[in-house]
Amino acid sequence: MEFSGCPDDASLGPAVQGCRGNFDFTLKFEKIFFALIPASIFIAVSVSRIVYLTRRPLLVGGALLRSVKVAAALVYSVVQLCLLVLSTTRSLKYGMFFIPAAAVTFVSSLSMIWLSLLEHSRSPRPSMLLNAYLFLTILLDVAQTRTLWLASGNFDEITFTRLFTTGVATKAVLVLLESRHKTRWVVNWDVKQHSPEETTGLYGLGAFFWLNKLFVTGYRKLLTMDDLFPLDRAIASEALLAKLAGRLDVSRIRGQDYGLAKALARGLAVPLLLPVGPRIALTAFQFCQPFLIETLLNYLGHPEEESSQNTGYGLIGATIIVYTGIAISGAFYWYFQERAMYMVRGVLASVIYDKTTEASASASDNSASITLMSGDVERIIRGFLGLHDFWSSTIEVALACWLLYRQIGASFVAPLIVVACCILCIAFLARFMGPRQKQWMELIQKRVGLTSNTIRQMKHIKISGLAGPVEESIQKMREDELKAGSRFRGLSVVFVLISFAPALLSPTLTFAFAAKSLDTTLIFTSISYIILLANPLTTLFQTVPGVVASFACLSRIQAYLETKSRFDFREEEGPSSSPRTGSSGSAEKASEGKDKAGHPAPGMKITSRNFGWKSGDYSLKNLNLEIKPSRLTIVVGPVASGKSTLCKVLLGEVPIAEGRVIMDRASSWKIGYCDQNPYLTNATVRENIVGFSPFNEERYNEVIDATALQPDLALFPRGDNTKIGSNGITLSGGQKQRVSMARALYLDSDFLVFDDILSGLDADTEEQVFRRVFSPGGLLRRRNATTVLCTHSVRHLPSADHIISLGPDGSLVEQGSFGELMANKMYVSSLGVKETGGTKPDGDAIHADDTDKSTQSDVLNTNVTVPSSDEAENEAERMVGGDTTVYRHYFARIGVVTSTSLFGFAFACAFFANFSTIWVKFWTEDLGRSPPEHSNAYYNGLYGLFQVTALICLYFTAYVGFTVMIFESGRALHHEALRTVIGAPLSFFTKTDTGVVTNLFSQDMTLIDGQLPMSLVNVALYMFNCVSMAAVIATSSPYLAITYPFLSAILYGMQRFYLRTSRQIRLLDLEAKSPL
């Protein structure tokens, strides 16, 4: 078995010479690069994968499929063993190639058996590694099979070839088996809780087949959030944050330059590196194009009788492989890159949210967190999408320079001169990107913060008559923001000009250097190499502003994370115990509150403590007080005496604290708190009361009765299922207080703090609520809860077990029981409260707030307003098919002059860029004449003129789109939206969540200022470029124009199918971010 028909098979080749029609690889090349290297790499990688899988639990059943897979793998191993035996016993001349290749392939087949068994049982998705190896090696084995059949001459060689062909067929069967989905056999796998992405294999991910069901659903109906797939568990924010908690610890990144970026890179190293492999493959396939073009031109340049038919078929196959490879590798690259970026997004949004919840009460400005989670995070994602272009573009530039040098010699320096000038300009301008980006984002943050506060306080702003001044102030901030953004985008426009300069200027300069040796093949091949050189540079230069801006945004987020968090200065003492529910265990509770001497132990004790919101300025001074357990403590004092600050002290929310605050461990499990400014969400009454606690009907009815909400709920159109609007805008002040109080009472807590919650109630309702909640027979006494009530209603003092009196300067005036303080003849005694001034009898009626009763029903009825069927149909059509009115509205705000200029410059850019191709055609045709009609300088000069003109038109297209258009549309659209919101009736805010409205002025305005003009400029350029290219192709190959209508119909059908779903998902994405 020598396969000795061709002496050249002993060389590395790669192409064989002198046999097999000079259209094949040498045996040595095939055995090394098609067998030894792929199998060796697979063995090394599979060992680590096998070790990993052995530590994973069993997840998948499907014994029959598993057995068939193992059987097929065993058959393949037996075939490889037979090939190894034949190679060892029969190989003579080429044994040094066949034996190692057969041995390594046999070992790889054994690895396939174990890997297949473990992947099937312990991974929910088909094996990515096994499918990739099988698919790649089948392509390589096909080439080897052809070679072996052509080189086989005797019985042993034919037998070897037949066995080898059997192995290839078995491998194809393995591909079919290993690519089969295993969802139906996964143990305890609820498809409603898992994304199909988690069980999709290599081929489904590469072709995005797992999205087909979603596209079909979106095409057939209006999508809702329930129709979307669940999020892949691997990229869920909770899992990522738990994994990266240690790396993102602020103490580890504090003060470091790019500390947050480094922490993310280390924590997400694997997801960030996964795109590297597909990116290398994409580069390889892209660089195959000039070789393919050069070979094709040489083939077409030979007479037909001298051209080999095999070569033609080979070029067709190579074309299919190259461009299919570009599509597949590009799909995997962007899949892994987008996935990694959205993992970064999930982590950043989570850490910002956690930091916001840890902020002290004094940090009341939430605009920073809103802007960081929306604008900054989105810019980070967009900027870092091209992160791998830095290293890949550098490699591509180096390769392109080498190939260009091989083609035109020393003239390859010409494009490098252009590149060097561009790099110097980029390095100079990049210094200004970061500061301008930060300034722009800070102005956005201020505007969004003011807008958010304005929307939340719209009711009070309208009542006070400040709507006009507030509107002018916000619009002025918007214009300042647009001016700052224009300075940043002006640099981006220059970057666009620089990024396209190598592609448009390098050919002219190169042809000027190589004018003496130019011919048709050299010109077209050189242009293809220059495009390979210029395209990565264009990508690289355009990526720089986004990456610089992303690092600036990361610095802003890191600075926010490094701000001081709330420090809980409270200490715990005493035995620990688990929290209780209901009113059971009163004897237990009474015994818990006693120390060894039998005296009641304080629920909380403050000793020699000063508290304040600013350093050196104390709101509370020299406090020494006790909060009795299972007792009602009432805190009184004049206005601004520090009662609310004392409530925050009990919660550990005051930033400046000196001394000790000791809390009984048995009472510190949970604290129920009700602020004097109620916090309510745009949800139903029941959802606001229950919150995140499990629903308990008995407890719920108990707190509804205690807070006297039954009469109010009876007036609501849907009872406790009535939505109350953002911040409870449909409720009166007293109703807000009582709903907020009900939420605190519903909480499973034995320590509750109430801050002036009776001030918004009328006298009768206040009396009834106090009696039902705080009196000796009230709800809290029945629960034996420790209660602190800060109030101005001093008539309830006789019901208190303990009274704390604060002075005007925040000092403790006195504390004790009501009787003790009346005897002291101090502040409490001076209030003139009589001990008989208790509560009214139980039979007194409970009244809703009289001041709001007349309008209450009308306001709340807005919650049940249902859009008409026509409105619903119009909204559905707008989500599914778009609305041309929106486009007309947008272009009307841009203006006729601006839009005409944009499309005019885009058309001119496309025309001159593509007419250059036609000019090159005239040039090469003239070179074929003898003598030429015009010199190379003539053609090259006009060619350069066209290229420079295209570059100038491109600059003005970007300038109009990114500066003029954004400023005009941004100012007009913001002003109209702001005027509409401020002029809207209050009923609008009862039906619309403030998050939805705020989102219009934060994320939506960000899209209008960023992605929309970028997309519009790209559409204009690509549209005219496609038309121009079609015209160029039609001039050289008229018959191809016949395919244009069919291609247009296909593209129209694809975009219609795609956009019906993608538009809905985009709108759902915007709506889902409204809670931010």
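Just so you know, these numbers come straight off a predicted model, no measurement behind them.

1. Digging into the packing of aromatic side chains
Working step 1: Throughout the structure, instances matching the rule amount to 41 aromatic pairs.
Working step 2: Here Y335 and F336 contribute two aromatic rings whose centre-to-centre distance is 5.3 Å and whose plane-to-plane angle is 65°, an arrangement assigned as edge-to-face.
Working step 3: Taking relative accessible area as the criterion, Y335 reaches 8% and is therefore assigned buried.
Working step 4: You can call F336 buried: its relative accessible area is 14%.

2. Overview of the confidence of the model for the protein chain
Residues shown with low pLDDT carry predicted positions that ought not to be read at fine detail.
Working step 1: Model confidence for the protein chain is summarised by a mean pLDDT of 83, while 90% of its residues fall at 70 or above.
Working step 2: Across residues 576-602, where pLDDT falls below 50, the model places 36 contacts with residues more than four positions away in sequence or in other chains.
Working step 3: Confidence drops under a pLDDT of 50 for residues 837-872, and excluding neighbours within four residues, the segment shows 53 contacts in the predicted structure.

3. A look at the packing of helix 25 (residues 733-746) against helix 26 (residues 763-773)
Working step 1: For the pair helix 25 and helix 26, the least separation of the axes is 13 Å and the interaxial angle reads 0°. Classified by the angle between their axes, helix 25 and helix 26 sit roughly parallel to one another. Contact residues: R738, M741 and L745 in helix 25; T765, V769 and V773 in helix 26.
Working step 2: Tallied by class, the residues present in the contact of helix 25 with helix 26 amount to 4 nonpolar, 1 polar and 1 charged.

4. A few points about the nonpolar core
Working step 1: By size, the foremost hydrophobic cluster in this structure holds 44 residues, and its most contacted members are I689, L745, F754, F774 and L789.
Working step 2: Contributing elements (two or more residues each) for this core: strand 4 (632-636), helix 22 (685-690), helix 23 (697-706), helix 25, strand 7 (751-755), helix 26, helix 27 (779-782) and helix 28 (818-824).
Working step 3: A per-element tally of this core places helix 25 first, with 6 residues.
Working step 4: Excluding residues that lie within four positions of it along the chain, L745 makes contacts with R699, V703, T707, L752, F754, V773, L779, L780 and R783.
Working step 5: Among the nonpolar cores identified, the runner-up in size contains 37 residues, and F287, V418, I498 and L533 belong to it.

5. Quick look at a positive patch on the surface
Working step 1: Together, K243, R247, R252, K262 and R266 make up a positively charged patch on the protein surface.
Working step 2: When you line up the elements, R252 lands in helix 9 (residues 250-253).
Working step 3: Residue R252 is classed as partly exposed on the basis of its relative accessible area, which comes to 48%.

6. Topic: the sheet that holds strand 2 (residues 604-614)
What holds strands together in a sheet is hydrogen bonding between their backbones, with the strands either parallel or antiparallel.
Working step 1: The mixed open sheet is built from 4 strands, whose spatial order is 1-5-2-3. What marks the edges here is a single partner per strand, and that holds for strand 1 (571-573) and strand 3 (617-627). The sheet shows a mean angle of 25° between the axes of neighbouring strands, taken without regard to direction.
Working step 2: Two strands pair when backbone bridges link them, and strand 2 and strand 3 are joined in this way by 7 bridges, in the antiparallel orientation. Bridging across to strand 3, K605 finds its partner in E626.

7. Brief notes about the sheet that holds strand 4
Working step 1: Spatially, the 6 strands line up as an open sheet ordered 6-7-8-4-9-10, and their pairing is mixed. In the strand order of this sheet, the two ends are held by strand 6 (672-674) and strand 10 (812-816), each with one partner. Taken pair by pair, the neighbouring strands of this sheet meet at an average axis angle of 10°, ignoring direction.
Working step 2: When strand 6 meets strand 7, the two strands line up parallel, connected through 3 bridges. Of the residues in strand 7, the one forming a bridge with Y673 is V753.
Working step 3: Strand contacts of helix 21 (residues 643-651): strand 4, strand 6, strand 7, strand 8 (786-790) and strand 9 (802-806), with the helix running at about 155° to strand 7, the strand carrying the most contacts.

8. A look at the pattern of salt bridges
Working step 1: Summed over the entire model, instances satisfying the criterion amount to 29 salt bridges.
Working step 2: Of the charged contacts, one joins R893 and E976 as a salt bridge, the two residues approaching to 2.5 Å between their closest N and O atoms. Taken as a pair, R893 in helix 32 (residues 884-894) and E976 in helix 34 (residues 936-983) lie far apart in primary sequence, 83 residues in all.
Working step 3: Judged by its relative accessible area of 24%, R893 falls in the partly exposed class.
Working step 4: Overall, E976 belongs to the partly exposed group, its relative accessible area being 31%.
Working step 5: D1069 is the partner of R1066 in a salt bridge, and the nearest nitrogen-oxygen pair spans 2.9 Å. Placement of both R1066 and D1069 in helix 39 (residues 1044-1072) is noted, with a separation of 3 residues, approximately one turn of the helix.
Working step 6: Three or more residues joined by partner-sharing salt bridges are found here, namely R345, E378, R1066 and D1069.

9. Thoughts on the pairing of strand 10
Walk down a regular strand and you will see the side chains alternate between the two sheet faces.
Working step 1: For strand 9 and strand 10, the ladder comprises 4 bridges, and the chain directions are antiparallel. Bridge pairing in strand 10 links L806 to L812.
Working step 2: Between strand 9 and strand 10, which pair antiparallel one after the other, the connecting turn spans 5 residues, and G810 there sits at a positive phi close to 85°.

10. So, helix 3 (residues 95-122)
Working step 1: Compared with the 40 Å implied by 1.5 Å per residue over 28 residues, the 40 Å span of helix 3 between its first and last C-alpha is a close match.
Working step 2: Across the 28 residues that make up helix 3, a large majority, 20, are buried.

The rules behind the values
- Residues numbered from 1 in each chain as written.
- Predicted model: local features only at pLDDT ≥ 70, side-chain atom pairs only at ≥ 80, totals over all residues.
- Heavy atoms only, no water.
- Phe/Tyr/Trp six-rings, centres within 6.5 Å; stacked < 30°, edge-to-face > 60°.
- Buried < 20%, exposed > 50% of the residue type's maximum accessible area, 1.4 Å probe, protein only.
- pLDDT = per-residue confidence, 0-100.
- Contact = heavy atoms within 4.5 Å.
- Axes fitted to C-alpha atoms, helices over the stretch in contact; angles between N-to-C directions.
- Helix = DSSP H or I, 4+ residues; strand = E, 2+ residues; numbered from the N terminus.
- Parallel < 35°, antiparallel > 145°, perpendicular 65-115°, else oblique.
- Nonpolar A, V, L, I, M, F, W, Y, C, P; charged D, E, K, R; others polar.
- Core = buried A, V, L, I, M, F, W, Y, C linked by side-chain atoms within 4.5 Å.
- Patch = residues over 30% accessible without salt bridge, like charges linked within 9 Å, V, L, I, M, F, W, Y side chains within 5 Å.
- Areas by Shrake-Rupley, 256 points an atom, 1.4 Å probe, with all protein chains shown as cover.
- Salt bridge = Lys/Arg side-chain N within 4 Å of Asp/Glu carboxyl O.
- Lys, Arg positive; Asp, Glu negative; His and termini not counted.
- Charge placed at Lys NZ, Arg CZ, Asp CG, Glu CD.
- Pairing = 2+ DSSP bridges.
- Expected span 1.5 Å × (residues − 1).

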